[in-house]
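What follows is the residue order along each chain.
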Amino acid sequence: MHITASVFINDNEPGLHRDYDKWLAYGQAKSANALFALQLDKLGESRGVRAFAVHPGGIATPLQRHLTMEEQRAMGWYDEDGNVHEAFKSTEEGASTSVWCAVSPLLEGKGGVYCEDCEVAVAADPEKPRAGGYYPHIRDENLAGKLSMFPDFGNLDLLIPMFIMPLAVQWWSTWYPGAEPGGGGFIAQRMLAAKDEN
């Protein structure tokens, strides 16, 4: 699905606004994932760390729970009787390319590549957009280098959600003298104990 969109680097600029489009956002996330793998491989190669972008293929999973059946039928994923399209993979088949990337000797020295169907993908044919392969924007090393691996610490708008909120939650869960004996830490312990009892 990276074919649907490249990545907009300046989305966090003040005053920049775009209406939300779920398919555009999904395509951007897929593109960013592939670009992240490209940049991570470049940074990690000298230390023996290799990264790969993986396209698992179409899989009927709970990810689709946020779509109506009408949308899924319109996309061709299901027929009128509710049967999944024959091109969809099982969960195991979808995981196979990730496993292949982790263990295949065929990828020795080939980090940063885009893989699908247990092989390194070739460039996509623009005339057949759903036939597989990768599009040039996910192989753009300049664009990959612009994606930050770390948040912009100069942006004070990120300070509260990135640092203060997690610290506040940690403080509450450990020290807050709530209504329960032992405060929030006791509540967190009971939640974990209940999880272990099931």
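Calculation rules
- Residues numbered from 1 in each chain as written.
- Predicted model: local features only at pLDDT ≥ 70, side-chain atom pairs only at ≥ 80, totals over all residues.
- Heavy atoms only, no water.
- Helix = DSSP H or I, 4+ residues; strand = E, 2+ residues; numbered from the N terminus.
- Expected span 1.5 Å × (residues − 1).
- Bend = angle between axes of the 7 residues up to and from the residue.
- Buried < 20%, exposed > 50% of the residue type's maximum accessible area, 1.4 Å probe, protein only.
- Contact = heavy atoms within 4.5 Å.
- Polar contact = N/O pair within 3.5 Å; in protein donor to acceptor, adjacent residues only side chain to side chain.
- Salt bridge = Lys/Arg side-chain N within 4 Å of Asp/Glu carboxyl O.

J.: Could you give me a rundown of helix 3 (residues 91-103), with the residues and numbers involved?
T.: Compared with an ideal rise of 1.5 Å per residue, which puts 13 residues at 18 Å, helix 3 spans 19 Å between its outermost C-alpha atoms and is within 8% of the ideal. At T97, helix 3 shows its maximal bend, which comes to roughly 30°. The set of residues buried in helix 3 consists of G94, T97, W100 and C101. Elements that come into contact with the buried residues of helix 3 comprise strand 1 (53-55), strand 2 (114-116) and strand 3 (119-120).

J.: Pulling in residues and values, what's your account of the side chain of D41?
T.: Of note, D41 is situated in helix 1 (residues 22-44). Since its relative accessible area comes to 5%, D41 is described here as buried. Non-local contacts of D41, meaning those with residues more than four positions away in its chain, are made with V49, R50, A51, G111 and G112.

J.: Can you tell me about the side chain of S31, naming the residues and giving the values?
T.: Mapped onto the secondary structure, S31 falls in helix 1. Reaching out from S31, the side chain makes a polar contact with the side chain of H137 at a distance of 3.0 Å.

J.: Break down the pattern of salt bridges for me, citing the residues and quoting the values.
T.: Using the criterion set out here, one finds 4 salt bridges in the structure. Across the pair D41 and R50 runs a salt bridge, and its minimum N-O distance is 2.7 Å. We classify R50 as partly exposed; its relative accessible area is 28%. Bridged by salt links that share partners, the residues D41, E45 and R50 form one connected network.

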